[in-house]
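Residues per chain are reported as follows:
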Amino acid sequence: MKSMFVASTALLVLLGDAAAAEVVTAAPGGFTVRHETVIAAGRAESWGAAVDEIARWWSADHTVSGSSERLSITAKPLGCFCESLGGDDGVVHLVVTSVSAPVMLRMTGALGPLGLMGVDGNMTWEFFDDEAGTRVRFTYAVGGYSADGLDTIAAPVDYVIGEALSLLKAYVEAD
């Protein structure tokens, strides 16, 4: 049941899941992180939850407003992963650059506090058929300039991307 999702989220994040996680590369000029897990649901359901219901599973801790209910993804080229702040105010977290529903969504930009730095990135969400449901992979490659080097923030960004995938898995499987 989806209402149980909120209550179990904190425990899930503390315990983690069986997702494969990796800082693929990290250097002063950039990094790539990748997380992958299998969700016990079909590809269309997993895609729909990830894209159309992001406000129901993304952590409010990783929003500007403190409310994930203000998040949305418009899954078409030049659409956005946006956060409404009320009225005409808001944040474009990432811009959608490629869509092949329900297989792949690619978004470009500097997510969260990366938006305050001289960086850019490509986040790709991939959905593969798997005998146990759907294999979902989140990859985020970031490059640019930071006085302290981008390798110093690879681990915290890796955590956020891993948490997001874990929350998506928990949300979809909460039925």
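Report on the accompanying structure. If you're wondering where the values come from, they're calculated on a predicted model, not measured in any experiment. (Residues numbered from 1 in each chain as written. Predicted model: local features only at pLDDT ≥ 70, side-chain atom pairs only at ≥ 80, totals over all residues. Heavy atoms only, no water.)

1. With respect to the state of the cysteines
- Using the criterion set out here, one finds one disulfide in the structure.
- A sulfur-sulfur distance of 1.5 Å marks the disulfide that ties Cys80 to Cys82. Taking the sign of the torsion about the S-S bond as the criterion, the disulfide between Cys80 and Cys82, at about -115°, is left-handed. (Disulfide = S-S within 2.5 Å.)

2. Structural notes on the packing of aromatic side chains
- Inspection of every chain in the model, using the stated rule, returns five aromatic pairs.
- With a centroid separation of 5.3 Å and an interplanar angle of 80°, the aromatic rings of Trp58 and Phe81 are classed as edge-to-face. Here Trp58 is found in the loop between helix H3 (54-57) and strand E3 (71-73), whereas its partner Phe81 is found in strand E4 (residues 80-86), with 23 residues between them in sequence.
- Overall, the relative accessible area of 5% leaves Trp58 in the buried class.
- Three or more aromatic residues joined by ring pairs make a cluster, and in this case those are Trp57, Trp58, Phe81, Trp125 and Phe138. (Phe/Tyr/Trp six-rings, centres within 6.5 Å; stacked < 30°, edge-to-face > 60°. Helix = DSSP H or I, 4+ residues; strand = E, 2+ residues; numbered from the N terminus. Buried < 20%, exposed > 50% of the residue type's maximum accessible area, 1.4 Å probe, protein only.)

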